[in-house]
Amino acid sequence: MTLAAAGILGAANMGHKSQADEKVTDVREDGMKEMGKALKSIKGLISDNGDKAEIAAQAQKIVNNSAKIPTWFPKEAGLGEAAKPVIWEQWDKFEGNAKNLNAQASQLVAAAQNGSDMGAIQTQFTNTGKVCGTCHEDFKNQKD
Ligand code: HEC
């Protein structure tokens, strides 16, 4: 199939999205965006030498949301968005990324709470952000 044909099929899929599908994709997009915002504010807090309790609070949002990622991707729901079909073919790997994000973000919460210096918090922040990229690389179409 040519890329153009794939694009047309993708667009056709979107047009036929069921309401249930739409709800699922809205929930996961909101949840992902919330994590994006949390990462951004943590980045700002680190560079401003900001409040570590606030860093912990933002990181906790990532802990909470990452635990829900598997429930945001019922089998083959919302194809035609950026979710790749390979998610459901390599579910263990996909779920493993979600678990890893949960573990890394939990360590970030801990580092921010236990009085670690900003350098250590920064390192754990980087480890956390990397997991987002790893999962997106394998499982998310880069639209733009
Ligand atoms: C387990 C895999 C996985 C992990 C981990 C993950 N994502 Fe995603 N993310 C996806 C997939 C798949 C999509 C595409 C979903 C869709 O379009 O239906 C996505 C979409 C997004 C989007 C776009 C939402 C939109 O408006 O369409 C943002 C923003 C995002 N992720 C941020 C993050 C951030 C920040 C992290 C880390 C804190 C993260 N993601 C971790 C798989 C993951």
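Look up: the structure comes first, before these words.
Attention in this report is confined to the structure presented alongside it.

What counts and how
Residues numbered from 1 in each chain as written. Predicted model: local features only at pLDDT ≥ 70, side-chain atom pairs only at ≥ 80, totals over all residues. Helix = DSSP H or I, 4+ residues; strand = E, 2+ residues; numbered from the N terminus. Buried ≥ 20, exposed ≤ 12 C-beta atoms within 10 Å, placed from the backbone. Expected span 1.5 Å × (residues − 1). Contact = placed C-beta atoms within 7 Å. Near = placed C-beta within 6 Å. Nonpolar A, V, L, I, M, F, W, Y, C, P; charged D, E, K, R; others polar. Core = buried A, V, L, I, M, F, W, Y, C linked by C-beta atoms within 7 Å.

### Some words on the overall build of the protein chain
Then, in step 1: For the protein chain, the count of helices and strands is six helices and zero strands.
Then, in step 2: When its helices and strands are written in sequence order, the protein chain yields α-α-α-α-α-α.
Then, in step 3: Buried positions account for 26% of the 144 residues belonging to the protein chain.

### A few points about helix 6 (residues 118-139)
Then, in step 1: When the terminal C-alpha atoms of helix 6 are compared, their 32 Å separation across 22 residues agrees well with the 32 Å that a helix rising 1.5 Å per residue should span.
Then, in step 2: Against helix 2 (19-47), helix 3 (52-72) and helix 5 (91-113) lie the buried residues of helix 6.

### What about the site of the ligand?
Then, in step 1: Near the ligand lie 24 residues; those nearest to it are Met32, Glu81, Ala82, Cys132 and Cys135.
Then, in step 2: Among the elements of the structure, helix 2, helix 3, helix 5 and helix 6 are those that each provide at least two residues to the shell around the ligand.
Then, in step 3: Take the shell around the ligand: its biggest share by element is eight residues, from helix 2.
Then, in step 4: For the shell around the ligand, a count of residues per class yields 14 nonpolar, five polar and five charged.

### As for the nonpolar core
Then, in step 1: Counting residues in each nonpolar core, the largest one holds 26 residues, and the members touching the most others are Ala59, Ile62, Ala105, Leu108 and Ala112.
Then, in step 2: Elements that contribute at least two residues to this core include exactly helix 2, helix 3, helix 5 and helix 6.
Then, in step 3: Of the residues forming this core, the biggest block, eight residues, is contributed by helix 5.

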